[in-house]
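Spelled out from the first residue to the last, the chains are:
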Amino acid sequence: MLRPMFHADLHLHSSYAYACAKNITPEKLSYWARKKGLDLIGTADFTHPAWQKELKEKLVPAEPGLYRLRPDLEEYVEEQLDTIIGAPTRFMLQVEISTIYKHDGKTRKIHHLCYMPDWQALDKFCAKLGAIGNLNSDGRPILKLSSRDLLEITLEAGEGAYLIPAHIWTPWFAVLGSKGGYDSLEHAYGDLTPEIFALETGLSSDPEMNWRLSQLDRYRLVSNSDAHSPQKLGREATQYTCNMDYFAIKRALETGEGYHGTVEFFPEEGKYHQDGHRACKARLKPEETLERNGLCPVCNKPVTVGVLHRVVELSDRSEEEALQKKPETSGEFSSLIPLN
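Throughout what follows, the structure given in this document is the object of discussion.

Reading the values: rules and limits
Residues numbered from 1 in each chain as written. Predicted model: local features only at pLDDT ≥ 70, side-chain atom pairs only at ≥ 80, totals over all residues. Heavy atoms only, no water. Salt bridge = Lys/Arg side-chain N within 4 Å of Asp/Glu carboxyl O. Helix = DSSP H or I, 4+ residues; strand = E, 2+ residues; numbered from the N terminus. Buried < 20%, exposed > 50% of the residue type's maximum accessible area, 1.4 Å probe, protein only. Pairing = 2+ DSSP bridges. Phe/Tyr/Trp six-rings, centres within 6.5 Å; stacked < 30°, edge-to-face > 60°. Core = buried A, V, L, I, M, F, W, Y, C linked by side-chain atoms within 4.5 Å. Contact = heavy atoms within 4.5 Å.

Overview of the pattern of salt bridges
Enumeration over the complete set of coordinates arrives at 16 salt bridges. Lys53 serves as the salt-bridge partner of Glu57, at 2.7 Å between the closest nitrogen and oxygen. You can see Glu57 and its partner Lys53 sitting in helix α2 (residues 49-58), four residues apart, about one turn around the helix. Using a relative accessible area of 42% as the deciding quantity, one classes Glu57 as partly exposed. The salt bridge partner of Arg310 is Glu313, with a shortest N-O separation of 2.9 Å. Of this pair, Arg310 and Glu313 both sit in helix α10 (residues 307-314), three residues apart, which is roughly one turn of the helix. Taking the relative accessible area as the measure of exposure, Glu313 reaches 49% and is therefore partly exposed.

A word on the pairing of strand β11 (residues 237-240)
Residues Ala237 and Gln239 of β11 are buried on one face, and the alternating residues Thr238 and Tyr240, pointing to the opposite face, are buried as well. Two elements, β11 and strand β12 (residues 259-265), share four bridges in a ladder whose sense is antiparallel. Residue Tyr240 lies in a different strand from β12, and its bridge partner there is Tyr259.

Some remarks on unusual backbone geometry
With a phi angle near 55°, Lys281 is a residue other than glycine that sits in the positive phi range. Judged by relative accessible area, Lys281 falls into the exposed class, the value being 79%. Even without being glycine, Asn300 reaches a positive phi, approximately 65°. Counting through the fold element by element, Asn300 comes out in the loop between α9 (286-291) and α10.

Some thoughts on the packing of aromatic side chains
One pass over the structure, following the stated rule, counts eleven aromatic pairs. With a centroid separation of 6.4 Å and 55° between ring planes, the pair formed by Tyr16 and Trp51 is classed as tilted. Note that Tyr16 is positioned in the loop between β1 (6-9) and α1 (26-36) and Trp51 in helix α2, a separation of 35 residues in sequence. The partly exposed category is assigned to Tyr16, whose relative accessible area is 33%. Between Tyr162 and Phe197, the ring centres sit 5.4 Å apart and the planes meet at 40°, which makes this aromatic pair tilted. With Tyr162 in strand β8 (residues 162-165) and Phe197 in the loop between α6 (185-189) and β9 (198-200), this residue pair connects regions lying 35 residues apart in the sequence.

Digging into the nonpolar core
A general feature of soluble globular proteins is that nonpolar side chains tend to end up buried together. With 86 residues, the main nonpolar core has Phe125 and Tyr240 as its most contacted residues. Dropping the residues within four chain positions of it, Phe125 is found in contact with Phe46, Thr47, Val95, Cys114, Met116, Leu150, Ile153, Thr154 and Ala157.

This is the structure in structure tokens:
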């Protein structure tokens, strides 16, 4: 029997993260999730002590590994809606961690999404990270810790805890990004690479672009909004047909059973899709960057190499080959223009 599809957005932020809206609450996130048609969202920033305290006060257990607002807060959210849309929002314990460290003579700057199945695992995870860096400074904490070691700490936090590399192509803060990344996941995560089973594509790439790399074939692709304000929820999302519980979702990403696909922003609209300099208002296609030896036509300094260029650089398939033989892990995807 086919189960109904649900939509999940499992990468977002709270008011405690840098450059995010200052009026975010769990209730406001739930309100906007329901307006956008999202069934499940991340809690965001659970390592920040003040936000974590608010989450623990306002969320109660729901399905295995998931949470919902207290009944009085759910009632408040429904009172704010013009019409009752969908069921009350479910939350998954989620945080984005920024790791900055030296590896093989290069500074690496990588963002990761970490998920916890319960408060006990969360507390253990936060205690370990709190001994390494300051969790009070930012909802997206910056830690001097290797990607491999963060993955190990995540796995040791509790049964079912897992890590997904975030927006993997972003130039400045991603595992395959042009500025602080690697050319392969194996180089970043070493012996623990087999523990990774999903990758977040980010706003500036879509599945078709990722299918051009055979090294990514074994990973399930997920999409999320990386929302810095509640109105941005759902600009990308992942679709599932499994049971809506933490462990079923993890299993769907590992095996494909219950994973349907993604809803995507048009990658051409993404902030980092092409090469260039924002301040110079210069935008170049990969071939134009190569023709100019990587220099900006305005200031004559090296451009920021964007997502498309990086995909082309690491790909071992043409666009046509990627479409003709999609990886077995691929799902369906559709593209939309997100509206506030």
